[in-house]
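What follows is each chain in one-letter form.
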Amino acid sequence: MILYLMCFALFLVGLYGLLTKRDLIKIILSSAIMGYSTNLFLVLFGYRRDATYAILTPNNSGQAMVDPLPQALVLTSIVIELGITALLVALAIRLYQKYGTFDITKMRSLKG
Amino acid sequence: MILPYFVLLPLLAAFLIALLAGKKDDWAIALSFMATLSILALSVFGFITMREQTFTYAMSGWNIPIGICLVQDALSLFMLFMISLIALTSLCFSVQYIRHLAQDWKYYALFMLLLTGMNGVVVTGDLFNLYVFMEIALIAAFALVAYGCRAEEYEASFKYAIMGGFSSSVILIAIALTYSSTSTLTLAGIAQALPGLDQRLVMWIAALFLVGFGLKAAAIPFHTWLPDAHSSAPAPISSMLSGVLIKALGIYVLIRLFYNVFNAPPLFMNLLLIIGSVSIMLGVFLAIGQWDLKRLLAYHSISQIGYILLGLGLATPLGILGAVFHLFNHAIFKSLLFYGAGAVEMVLGTRNLKKMGKLAHLLPITAGTNMVASLSISGIPPFNGFFSKLILIIAAIQAGHPVYAFWAILGSLLTLASFMKVQRYGFYGEVEHQKPNIMPGKLIHAAMLILAVICLLSSLFIVPGIREHTLDPVVDVINNKIHYIELVYGRAL
C-alpha cells in the first residue's frame, strides 16, 4: 500500500511542477516525472510478492510468477513517452530560437 | 476481411512516402490520395455490405483472451467513413495550401500517420491498443500543428503536447486500474467483468476516463488547449483536428466506454448533460467576442461538441440519434468553415475579420460555400445542422429536461449571431481589396464544393427510408449496451 501511495506522491510532484513552473525545461521534466509515476503504477500491478520471473523453466515450475502483461505494456508506454519528450524538447529549442528565453510567461503571442 | 486495411494502408503510405518520395512531392501527393481514396471506398463498401453484424478480426490469429482483436460494427464504420471523407477533402485543400509552407512530403507522411492513429482508435477492440493508436495520432497532430514554423505555432503545439501528455497519463492510470481489477484489456471482456466489481471502484475508473478523454474532446473545463492549437495549425489540419480528431479520440471513445462498456451509468449521464450544456453556452460566448476568424471557429467547436455531449447524456434513442447525426454534420460544416478561413488567409494573409471586408465578389466560391456552412452551423433549415439540432432539442424535451433544451436553443441563436458577424465583417464588409496575386485553385474549390453539397445532402439522412440504413444501425450499436459483448464474443469463440 505504501508503495502505491509513494507512487501517487510522485504523480503529484509531476503535476505540481506542471502547474507552477515557468521554465520550459522544468515543465518538460515535470511532464516526464508524471509519466514515470504512471508507468511505475502500471508495473506495480503486475508485481507479486515472492514470485519469480514469468519464464517457465525446469527450475521454477509450480512457483508463483509475476504478471508479465503490465511489463509489456510499460515498455510500450515508455517508448511513447520518449517520443513525446523528444518532441517537447525539439519544440522548446525552436521556442528558444524564436523568443530568446525559456520563460513561459514571456511567450504571449496567443491569448483571448 | 477488410478491417486491418484501415490501419495498414495509411501506415504503409506514410512509410512509403518517407522512403520513396524523397524530394518528389508529387509522389507523396499521389500516394496519400491513393491511400485515402481506398479507405473511403472500403468504408463505404463495408457500410453497405454490413447486415447488423459485428465482425471481429483477431490480430496475428491470437483469439480474444490472449490477443488483440479489431471490431467492426456500424458505429466504427460510420466513424471511418466520416474520417476518410474529411481526410480526402483536406488533402485536396492541402495540395495548393501547403506548397508555400515547407517541405511537402513530410506533411503528407505526418498526415497519413494522423489518419492511421484515428482509424486505429476507431477499429480496435482493445483498451491498451486504443491508447497506442491515440498516441500515434496525437504525436502526428502535435507536429502538424507546429508545421508552419512560426512562434505562435510552436507555442500552441507545446501547450497542446503538455495537455495531451497529462491526459494520456490520466488515461493510462485508468487503464492500469481497469486491468488490475478485471484482468483483461479487451473492451468486451471488461464490459463483462465490470458488474461483478465494487461499484465505487468502477465509478472512479469511469471518472478518470471522463477526465482523460474529456480533455481530448475539449469539453469545457478541459478546453484550454483547443483554441490555440486549432487556430494556429495550417487550415487543412485545423479542419482535420476540429472536424474529426476531437471526435475520433474524444467523443467516439467516450461513446464506446460509457455506453458499450460501462453501460451508461446515470451519474455520468447527468455529468455529460451538465458538461454539454456548459460547453454550449461558454463556447459560444467566448466565440462571439473573437475577431480572429479561425479562433472564433475553434471556440465554436467547443460549443458544438457540447451539443453532441448533451445528446449522449440524454441516453434516450432519440438523443443518441441526434448526437450521432450532429457528430457527422459538425465534421462537415466545421471543416468547410476552416477551408473558407484558410482560403481567405492564403489570399489576403490575414485572419482578422476587421481587415477582411468585401470578399464576396473577389472570392465568389469561397464566400458561397462559407455562407452554406454558416447557415448550417447556425441551424437554418434545409441544411443539415438544423435537423440535428432540432432532434436534440425534441429529445431533450421528451426526456423531461426542458432546461437543457432551452440552453440548446439559446446556444443556437447566439451561434447565428456570431456567424452573422462573420458574414457582415468578413465577406460583405467595407474594406476594398485589390486583385490579389494568389487565388485558390481548382482543387481547393473542389474540396469546398464537395463539402457544401454534402451539407445539403446529409439532411436526407433523417428521411425515413434512408435513416434505416444510415443512422439507425449506429444508434442500435450504441443503445444495445450489452449486445456488444455477445457480438464480439459470439464471433470470436
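This is a predicted model, so every value here is computed, not measured.

(A) Spotlight on the overall build of chain A. In terms of regular secondary structure, chain A is built from 3 helices and 0 strands. Against the 2.2 N^0.38 benchmark of 13 Å for 112 residues, chain A shows a C-alpha radius of gyration of 19 Å, more extended than a compact globule. Each of the three principal axes of chain A carries a C-alpha extent, and together these read 65 × 25 × 20 Å. Put simply, chain A has 112 residues, and 37% of those count as buried. Sequence-distant contacts, at least 24 apart, represent 49% of the contacts inside chain A between residues at least 6 apart. Taking the average location of the 10 positive side-chain charges in chain A and that of its 5 negative ones, the two points are 15 Å from each other.

(B) Region of interest: helix α13 (residues 317-348) of chain B. Residue and element names in this part refer to chain B. For α13, built from 32 residues, the straight-helix expectation of 46 Å at 1.5 Å per residue is met to within 8% by its first-to-last C-alpha distance of 46 Å. Most of α13 sits out of view: 29 of its 32 residues are buried. Where α13 ends, the next residue or the one after it, Gly-349, has phi of about 75°, a positive value.

(C) A look at the layout of surface pockets. Its boundaries defined by the atoms lining it, the second largest pocket holds a volume of some 540 Å³. Every residue lining the second largest pocket is counted, 20 residues in all, and those nearest its centre are Phe-8 and Phe-41 of chain A together with Ile-173, Leu-177 and Leu-208 of chain B. At the level of secondary structure, the elements contributing two or more residues to the lining of the second largest pocket comprise α1 (2-20) and α2 (24-44) of chain A together with α6 (151-182) and α8 (199-217) of chain B. Among the elements that take part in the lining of the second largest pocket, α1 of chain A stands out by supplying 7 residues, more than any other.

(D) Molecular detail of the interface of chain B and chain A. Contacts between chain B and chain A engage 32 residues on the former and 36 residues on the latter. At the surface where chain B touches chain A, the tally comes to 0 salt bridges. Counting residues per element, the ones that place at least two in the side of chain B that touches chain A are α5 (127-145), α6, α9 (225-232) and α12 (293-314) of chain B. For the side of chain B that touches chain A, the element with the most residues is α6 of chain B, which contributes 17 residues.

(E) Here's a closer look at the pattern of salt bridges. All names here are of chain B. Going through the model one piece at a time under the given rule, you end up with 9 salt bridges over all chains. Ionic pairing is found between Arg-351 and Glu-152, a salt bridge with its closest N-O pair at 3.6 Å. Within this pair, whereas Arg-351 is found in the loop between α13 and α14 (353-356), its partner Glu-152 is found in helix α6, the two being separated by 199 residues in sequence. Arg-295 is the partner of Asp-228 in a salt bridge, and the nearest nitrogen-oxygen pair spans 3.0 Å. With Asp-228 in helix α9 and Arg-295 in helix α12, the pair connects residues that are 67 residues apart, well separated along the chain. For Arg-295, a relative accessible area of 6% translates into the label buried. The network of salt bridges with shared partners includes Glu-152, Asp-292, Glu-345 and Arg-351.

(F) A look at the packing of aromatic side chains. Residue and element names in this part refer to chain B. Overall, the coordinates contain 23 aromatic pairs over all chains when judged by the stated rule. Centre to centre, the rings of Phe-406 and Trp-407 are 5.5 Å apart; their planes meet at 55°, and the pair counts as tilted. Among the residues examined, Trp-407 registers a relative accessible area of 32% and is labelled partly exposed. The rings of Phe-78, Phe-81, Phe-325, Phe-328 and Phe-461 are connected pair by pair, giving a single aromatic cluster. Directly above the ring of Trp-291 sits Lys-354, whose terminal nitrogen or CZ lies 4.5 Å from the centroid. Sitting over the face of the ring of Tyr-425, Arg-424 holds its NZ or CZ atom 5.3 Å from the ring centroid.

About the thresholds
Residues numbered from 1 in each chain as written. Chains lettered and ligands numbered in written order. Predicted model: local features only at pLDDT ≥ 70, side-chain atom pairs only at ≥ 80, totals over all residues. Heavy atoms only, no water. Helix = DSSP H or I, 4+ residues; strand = E, 2+ residues; numbered from the N terminus. Rg over C-alpha atoms; globule rule 2.2 N^0.38 Å. Buried < 20%, exposed > 50% of the residue type's maximum accessible area, 1.4 Å probe, protein only. Contact = heavy atoms within 4.5 Å. Lys, Arg positive; Asp, Glu negative; His and termini not counted. Charge placed at Lys NZ, Arg CZ, Asp CG, Glu CD. Expected span 1.5 Å × (residues − 1). 1 Å grid on protein atoms, 1.4 Å probe; cavity = no way out; pocket = protein on both sides within 12 Å on 5 of 7 lines; lining within 4 Å. Points joined across faces, edges and corners; volume = space filled by probe spheres on them. Salt bridge = Lys/Arg side-chain N within 4 Å of Asp/Glu carboxyl O. Phe/Tyr/Trp six-rings, centres within 6.5 Å; stacked < 30°, edge-to-face > 60°. Lys NZ or Arg CZ within 6 Å of the ring centre and 35° of its normal.

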